[in-house]
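Residue strings, one per chain:
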Amino acid sequence: MTRAIAFRVLVFCVVVISDQLSKIAAVKYLSLGNSIEVFPGFFNLTLVYNPGAAFGLFQGLTDGVRHLALATSTILALIVIGVLAFRDLKNDSFSLAVLSAIFGAAIGNLIDRMRYDAVVDFLDFYWGEYHWPAFNVADSVISVGVCIVVARLFLSNSHCQQAKSSKYGCACQE
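Report on the accompanying structure. (Residues numbered from 1 in each chain as written. Predicted model: local features only at pLDDT ≥ 70, side-chain atom pairs only at ≥ 80, totals over all residues. Heavy atoms only, no water.)

**Section: the overall build of the chain**
And then number 1: What the chain contains, in helices and strands, is 4 helices and 4 strands.
And then number 2: The order of helices and strands in the chain, counted from the N terminus, is α-β-β-α-α-β-β-α.
And then number 3: Nonlocal contacts in the chain, meaning residues at least 24 apart in sequence, comprise 59% of its contacts between residues at least 6 apart. (Helix = DSSP H or I, 4+ residues; strand = E, 2+ residues; numbered from the N terminus. Contact = heavy atoms within 4.5 Å.)

**Digging into the nonpolar core**
And then number 1: With 9 residues, the main nonpolar core is built from Ile81, Leu84, Ala85, Leu89, Leu96, Val98, Leu99, Ile102 and Val149.
And then number 2: The next biggest cluster of nonpolar side chains, apart from the first, holds 8 residues, and it includes Ala26, Phe43, Leu47 and Phe122. (Core = buried A, V, L, I, M, F, W, Y, C linked by side-chain atoms within 4.5 Å. Buried < 20%, exposed > 50% of the residue type's maximum accessible area, 1.4 Å probe, protein only.)

**Details of the side chain of Gln20**
And then number 1: If you trace the backbone, Gln20 turns up in helix H1 (residues 3-29).
And then number 2: In this view, Gln20 contacts Gly108, Ile111, Asp112 and Arg115; residues no more than four positions away in its chain are not counted.

**Let's talk about the sheet that holds strand S1 (residues 35-39)**
And then number 1: The antiparallel open sheet is built from 4 strands, whose spatial order is S1-S2-S3-S4. Looking at the sheet topology across the chains shown, the edges are occupied by S1 and strand S4 (130-131).
And then number 2: Looking at chain direction, S1 and strand S2 (residues 43-50) are connected through 4 bridges and run antiparallel. Paired with Ser35 across the bridge in S2 is Thr46.
And then number 3: Together, S2 and strand S3 (119-127) form the strand contacts of H1, whose direction differs from that of S3 by roughly 80 degrees.
And then number 4: Against the sheet, helix H3 (residues 93-116) makes contact with S2 and S3, and its axis sits at roughly 120 degrees relative to S3, the strand it touches most. (Pairing = 2+ DSSP bridges. Axes fitted to C-alpha atoms, helices over the stretch in contact; angles between N-to-C directions.)

**A look at the packing of aromatic side chains**
And then number 1: Following the criterion strictly, the structure yields 7 aromatic pairs and no others.
And then number 2: Relative to Phe125, the ring of Phe42 lies with its centre 5.3 Å away and its plane at 75 degrees, an arrangement referred to as edge-to-face. With Phe42 in the loop between S1 and S2 and Phe125 in strand S3, this pair connects stretches of sequence that are 83 residues apart.
And then number 3: The exposure class of Phe42 is partly exposed, given its relative accessible area of 39%.
And then number 4: Since its relative accessible area comes to 27%, Phe125 is described here as partly exposed.
And then number 5: In textbook terms, an aromatic cluster arises when at least three aromatic residues are bridged by ring pairs, as seen for Phe39, Phe42, Phe43, Phe125, Trp127 and Phe135. (Phe/Tyr/Trp six-rings, centres within 6.5 Å; stacked < 30°, edge-to-face > 60°.)

**As for H1**
And then number 1: Relative to the 39 Å expected for 27 residues at 1.5 Å per residue, H1 spans 38 Å between its end C-alpha atoms, a close match to the ideal helical length.
And then number 2: Buried within H1 we find Arg8, Val11, Val15, Val16, Asp19, Gln20, Ser22, Lys23 and Ala26. (Expected span 1.5 Å × (residues − 1).)

**Focus: a nonpolar patch on the surface**
And then number 1: Together, Ile36, Val38, Phe39, Phe42, Trp127 and Tyr130 line one region of the surface with nonpolar side chains, adding up to about 710 Å² of accessible area.
And then number 2: In terms of residue count, the dominant contributor to the nonpolar patch is S1 (3 residues).
And then number 3: You can see Val38 is positioned in strand S1. (Patch = residues over 30% accessible without salt bridge, like charges linked within 9 Å, V, L, I, M, F, W, Y side chains within 5 Å. Areas by Shrake-Rupley, 256 points an atom, 1.4 Å probe, with all protein chains shown as cover. Salt bridge = Lys/Arg side-chain N within 4 Å of Asp/Glu carboxyl O.)

**Re the pattern of salt bridges**
Pairs can form between side chains of opposite charge once their charged atoms are near each other.
And then number 1: This model, assessed by the stated rule, comprises 3 salt bridges.
And then number 2: With its nearest N and O atoms 2.8 Å apart, the salt bridge here joins Lys23 to Asp19. Linking Lys23 with Asp19, this pair stays in helix H1, spanning 4 residues, or about one helical turn.
And then number 3: Under the relative-accessibility criterion, Lys23 is labelled buried at 2%.
And then number 4: Of the charged contacts, one joins Asp92 and Arg152 as a salt bridge, the two residues approaching to 2.9 Å between their closest N and O atoms.

Okay, structure coming up:
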């Protein structure tokens, strides 16, 4: 195994383990629906079980339809990660590490779905009347990771467009 692959496996494992340990602590030390105020007016720890996807998507569906929608969206997400890793970003070590983190986060949430038929959320941010839906470590990794990958894809494509129009050409893949 090359060092680069070993590093990506390590990133994956760190994300899965930190996500699961934080959720185990949340389930053990928080009671459902009760909040522990951490930073008044801004952040609480609040245990919530989310049967849907991000931001409660799909949670109003019947169990069978919800399971199908979640399975389909998970498969599509894994296909996108695979295409990015093996085609679009295969030469970008940093982006491959980020994709490993996103994959680890997806597995962390999948473990919850198998264990609880829902995802454990407990990070609760708000400002006055504006309340962000509760989320977890895996959700954070996915959100930040997707932003990084999209930014790198955009910057990479922008760089290639500039290089193609210059007299020096472009080393980017077609």
